[in-house]
Amino acid sequence: MVVVSQPVLEAFPHIKTCRSTSNVFTEIPVVDLLHPDAKTLIVEACKEFGFFKVVNHGVSMESIARLEDEAVKFFSLPQPEKEKSGPPNPFGYGNKKIGPNGDVGWVEYLLFTAATNGKVIVPGISESLWSYMDEYVTSMRNMACEVLEMIADELRIGPRDMLSRLLRDEKSDCLFRLNHYPPWSDLQALSGRNLIGFGDHTDPQLISIVRSNNISGLQIALKDGTWVSVPADHSSFFINVGDSLQVLTNGRLRSVRHRVIAGSLNSRVSMIFFGGPPLTEKIVPLASIMERGEESLYKEFTWYEYKNSAYKTRLSDNRLGLYEKS
Ligand code: GA4
């Protein structure tokens, strides 16, 4: 599947490249959500990698395909049509520019709020895209909550919904993103280097769920900083731990640094649900997780404060660094 319109790179000469990595992430933890040991595997994966793959998730391939088709239709529109849905401040269509502080990548995208209490209308989005997105986001919120409940159970942090309530709350601050990484076959001048689609970063929220078509590109950083490529799997989901869940668990679960490399031949289309808490929520280690005498590794902040400060940073900045106790 190839999306026809191709943005022009010359206008963005500052898009970064990186050396090709041949490291394929072969030990990727795969969690069958229906397996009795799922919660143990999830917590192990979140401690070691902050990342895992989910199978047996119960989300129908039809609902995913419907949404992907609509997304492809949108990204295939002529550039001036797509621009009518932008710029993303913070919601809407964006092309190459990521966030407000000068980051760029070989990507175009649509960013939406996934709040339960009303949506922010983005012009130029078809009725079918809205409705498939609503349906999909509902499944993602449910999956994120199920995973957070398994984590709460396994870590014995009090009521099962201790974490999931943050995403169920009608004021939760969840987001949804559709990314399109166009092919760049005419840019072979890069000679053995890869074009960065979405630069390395951690997600500020609690948890993110990524699904892409069968085109690879996602890479994660292991604990020692080595980058590994995650083999694509269009029928599974990939789950990332975000900064807020790292803080709520006082560093037990690890927020994973990740990036996307744009492929040269094929379009990559991904859809990501970001589970964020209400703005007023204090992001501090849960009292029930702390052992006797254990101190918080972080200074106190609300999600509002963290989000505000995140939007002042560059993509690859260590955002949590500001809040780490020295
Ligand atoms: C990373 C995770 C999500 O994609 C996102 C991104 C946001 C944006 O694209 O506007 C940010 C980035 C993300 C973190 C730092 C700031 C904000 C771009 C950027 C440079 C939607 C989010 O919530 O934070």
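In this text the structure is predicted, and so the values were computed from the model without any measurement.

Criteria and cut-off values
Residues numbered from 1 in each chain as written. Predicted model: local features only at pLDDT ≥ 70, side-chain atom pairs only at ≥ 80, totals over all residues. Heavy atoms only, no water. Helix = DSSP H or I, 4+ residues; strand = E, 2+ residues; numbered from the N terminus. Rg over C-alpha atoms; globule rule 2.2 N^0.38 Å. Buried < 20%, exposed > 50% of the residue type's maximum accessible area, 1.4 Å probe, protein only. pLDDT = per-residue confidence, 0-100. Near = heavy atom within 4 Å. Polar contact = N/O pair within 3.5 Å; in protein donor to acceptor, adjacent residues only side chain to side chain. Areas by Shrake-Rupley, 256 points an atom, 1.4 Å probe, with all protein chains shown as cover.

Summing up its helical and strand segments, the protein has 7 helices and 15 strands in all. Whereas a compact globule of 326 residues would reach a radius of gyration of roughly 20 Å, the protein reaches 19 Å, a difference of no more than 12%. Counting only C-alpha atoms and orienting by the principal axes, one finds that the protein spans roughly 60 × 40 × 40 Å. Out of the 326 residues belonging to the protein, those deemed buried represent 54%.

It is worth spelling out the confidence of the model for the protein at this point. Summary statistics for the protein give a mean pLDDT of 93 and a share of 93% for residues scoring 70 or more. Taken together, the chains of this predicted complex give a pTM of 0.95 and an interface ipTM of 0.99.

What surrounds the ligand is a group of 15 residues, the closest being Arg177, Asp203, Gln205, Phe274 and Arg319. Measuring from an oxygen atom of the ligand, one finds a side-chain N or O atom of glutamine 205 at 2.9 Å. Surface burial for the ligand is 97%, taken as the share of its 460 Å² of free accessible area covered by protein chains.

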